[in-house]
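Here is what each chain is made of, one letter per residue.
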Amino acid sequence: MKNFDVAAPLGRWVAGGMLAALGSIGSAQAQGPTFVSLSPVANAASAAPTGLTAQFGVAPALAPTAGQGLKVFSSQRGGQRAGHSGTVSNLTNTQLRFTPTGYDFRPGETVQVSLTRGIIESSFRMAPLTNPAVVQYTTATGGTGRGAYLPGPDVPAAANPNYVRLADFNNDGHLDALVFTGSSLAAALHLGTGTGAFGAGTALPAVGLYPSGTLAVGDLDNDGDLDVVQSDGGSSGTLQTLRNNGSGTFTAAPATAVNFGAQRLALGDIDGDGDLDAVLNGEQSGLVNIRRNDGTGVFDNPNYPGGVQLPNLHNVIDVALADVDNDYDLDIVTLAGQGNAGAMSVELNVLLNGGDASGSNTGTFSTNAGAVNSLTVGLGQIQGRTNILAVGDVDNDGDLDLAVALNGITAIPVGVVLLNGNGTGRNTVSPGYIG
């Protein structure tokens, strides 16, 4: 009788089965939840202030702890509200619901929602969200809607105010005024009374020595209140977060060098990781500077991974962050000038996140040909920095349009140019001119 060696084929069978099982597990590991949509929809202009719902694909089911990966940023009160002044719950196996507690979103404020890889599925593999997303929308306002205003009391600010930001910094339900003045080289917080009046200013820690600086407001450390980030505008400038202690008093975080004068600043989650990053202009350097937040309000340096300086955009006058191509990540829009200061050709540049409209949320941008959509919008003067960019759905068609305010020269008066967006990041100049 012939002897058969069964050990070798048995070993091959066992090894093959194990490899197949491991391959199956490895394949299954890649199948995390898929984000489908948000209600309110992205870029909505008059959303209900009562919460939001995120919809995911039919499989796999969301884990009970999936809501920890949903971050909801208010721009006027409460900062990052999920887990602080709002709860996230699993409505179904494929839906997450954020509900404000204590107070709704404020009328007319911008809400940013970050759906991060912290949203996981329910199996032991806990596979993360396959397509992190960032969505912005604006809440509805009340009143008559007629745009009529009555005279009100003046804010007792120092001379030469450059910027004013309205937000509730001490969480008492009233909007406060944060005023940056060139004469004091610092910002001052004027607490609101809720009647349209504001108290005397309390100085915040100064970030630099230049009167042309800028500031922005957001929850930079995700602790449920609104912080302030400042740039001093100097040629060897700094970027620094002032952390809110919860009562409208602030403590300075470590500063980051930005290597040039930044006079405009935008905040947003450019990489879908659930914290607010910074994008700054470089008016004289022709740079757009990207600084990623480490989650505590400290921004990275350009010499370290994540800090990026994008060249070749001429004199960058203004900068904004918005999803102009409707792919659930934030793109960079810049207003730039080329030529002499007396007759500047003002151009608009759109830099798509990831270099395309794939919704990659990589937080990487390129100025290579094909990665930037550019359009000359008119002539203006760079002096006084009165060339200003604004983003919004002007014609209520579901995609973002742009408005550019020009400090005119002799050939063109001061006014506003409207640019109609088509949802791909490209714009055309609309007929008419608002003078």
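In case you missed it, the structure is sitting above this.
About the cut-offs
- Residues numbered from 1 in each chain as written.
- Predicted model: local features only at pLDDT ≥ 70, side-chain atom pairs only at ≥ 80, totals over all residues.
- Heavy atoms only, no water.
- Helix = DSSP H or I, 4+ residues; strand = E, 2+ residues; numbered from the N terminus.
- Contact = heavy atoms within 4.5 Å.
- Areas by Shrake-Rupley, 256 points an atom, 1.4 Å probe, with all protein chains shown as cover.
- Core = buried A, V, L, I, M, F, W, Y, C linked by side-chain atoms within 4.5 Å.
- Buried < 20%, exposed > 50% of the residue type's maximum accessible area, 1.4 Å probe, protein only.
- 1 Å grid on protein atoms, 1.4 Å probe; cavity = no way out; pocket = protein on both sides within 12 Å on 5 of 7 lines; lining within 4 Å.
- Points joined across faces, edges and corners; volume = space filled by probe spheres on them.
- Nonpolar A, V, L, I, M, F, W, Y, C, P; charged D, E, K, R; others polar.
- Phe/Tyr/Trp six-rings, centres within 6.5 Å; stacked < 30°, edge-to-face > 60°.
- Lys NZ or Arg CZ within 6 Å of the ring centre and 35° of its normal.
- Pairing = 2+ DSSP bridges.
- Salt bridge = Lys/Arg side-chain N within 4 Å of Asp/Glu carboxyl O.
- Axes fitted to C-alpha atoms, helices over the stretch in contact; angles between N-to-C directions.

1. Considerations on the overall build of the chain
When helices and strands are tallied, the chain shows one helix and 28 strands. Pairs at least 24 residues apart make up 54% of the contacts formed inside the chain by residues separated by at least 6 positions. As displayed, the chain has an accessible area near 18800 Å², and 56% of this comes from carbon and sulfur atoms.

2. Description of the nonpolar core
F56, L115 and Y137 are the most contacted members of the largest nonpolar core, which has 23 residues in total. Counting residues per element, the ones that place at least two in this core are β1 (35–39), β2 (52–56), β3 (70–74), β5 (95–100), β6 (110–115) and β7 (133–138). Apart from the residues lying within four places of it in its own chain, the contact partners of L115 are F35, A54, F56, G69, L70, L129, P132, A133, V135 and G272.

3. Describing the layout of surface pockets
Looking at the largest pocket, its volume works out to about 1300 Å³. Taken together, 40 residues make up the lining of the largest pocket; nearest its centre are S75, T110, Q136, L267 and L321. Mapped onto the lining of the largest pocket, the elements with two or more residues apiece are β3, β6, β7, β8 (161–167), β12 (214–218), β17 (265–268), β21 (315–322) and β25 (388–392). Here the lining of the largest pocket is built from residues that sort into 24 nonpolar, twelve polar and four charged.

4. Describing unusual backbone geometry
Glycine aside, residues mostly have negative phi, and peptide bonds are mostly found in the trans state. Backbone torsion omega between S39 and P40 reads 10 degrees, so that peptide bond is classified as cis. In this structure, P40 sits in the loop between β1 and β2. Looking along the chain, the bond that leaves A59 and enters P60 is cis, with omega of -5 degrees. For N43, which is not a glycine, the phi torsion comes out positive at approximately 65 degrees. Residue placement: N43 occurs in the loop between β1 and β2. Given a relative accessible area of 9%, N43 falls into the buried group.

5. Regarding the packing of aromatic side chains
A complete count under the given rule lists four aromatic pairs for this structure. Look at F169 and F250: their rings are 6.0 Å apart centre to centre, the planes differ by 70 degrees, and that puts the pair in the edge-to-face class. Highlighted residues: F169 in the loop between β8 and β9 (176–181) and F250 in strand β15 (residues 250–252), separated in sequence by 81 residues. An aromatic cluster of three or more residues is present, and its members are F35, F56 and Y328. A cation sits over an aromatic face here: R77 above Y103, 3.6 Å from the ring centre. Lying across the ring of F105, R81 places its NZ or CZ 5.1 Å from the centre.

6. Focus on the pairing of strand β4 (residues 86–92)
Each regular strand displays side chains that alternate between the two surfaces of the sheet. With six bridges joining them, β4 and β5 adopt antiparallel strand pairing. Paired with S89 across the two strands is R97, which belongs to β5. The hairpin turn running from β4 into β5, its antiparallel successor, is two residues long.

7. Some details on the environment of V404
Inspection of the secondary structure assignment puts V404 in strand β26 (residues 401–406). The spacing of V404 and L389 is 15 residues in sequence and 4.7 Å in space, taken between C-alpha atoms.

8. Focus: the pattern of salt bridges
Taken as a whole and assessed by the stated rule, the structure comprises three salt bridges. A salt bridge links R77 to D168; the shortest N-O distance between them is 3.3 Å. Of this pair, R77 sits in the loop between β3 and β4 while D168 sits in the loop between β8 and β9, placing them 91 residues apart in sequence. The exposure class of R77 is buried, given its relative accessible area of 15%. With a relative accessible area of 2%, D168 lands in the buried category. Here D271 and R292 are joined by a salt bridge, their closest N and O atoms 3.2 Å apart. With a gap of 21 residues between them, D271 in the loop between β17 and β18 (277–282) and R292 in the loop between β19 (287–291) and β20 (308–310) connect regions that are remote in the sequence. Residue D271 shares its accessibility class with R292, and that shared class is buried.

9. Re the environment of N387
Examined against the element boundaries, N387 turns out to sit in the loop between β24 (372–380) and β25. Using a relative accessible area of 0% as the deciding quantity, one classes N387 as buried. A sequence separation of 51 residues divides N387 from A336, and the C-alpha atoms of the two residues are 9.1 Å apart.

10. Here we look at the sheet that holds β7
Within the open sheet, the three strands sit side by side as β3-β6-β7. Their pairing is antiparallel. A single partner strand is all that each edge strand has here, and the edge strands are β3 and β7. Going from strand to strand, the sheet's axes swing by 15 degrees on average, the running direction of each strand aside. By the bridge criterion, six bridges tie β6 to β7 in an arrangement that is antiparallel. Looking at the pairing, T110 lines up with T138 of β7.

11. A word on the sheet that holds β4
Strands sit in the order β1-β2-β5-β4 across an open sheet of four strands; the sheet is antiparallel. Each having just a single partner strand, β1 and β4 make up the two edges of the open sheet. Strand-to-strand twist in this sheet, taken as the mean axis angle between neighbours without regard to direction, amounts to 20 degrees. Taken together, the four bridges between β2 and β5 define a ladder with antiparallel strand orientation. Following the sheet pairing, Q55 is matched in β5 by Q95.

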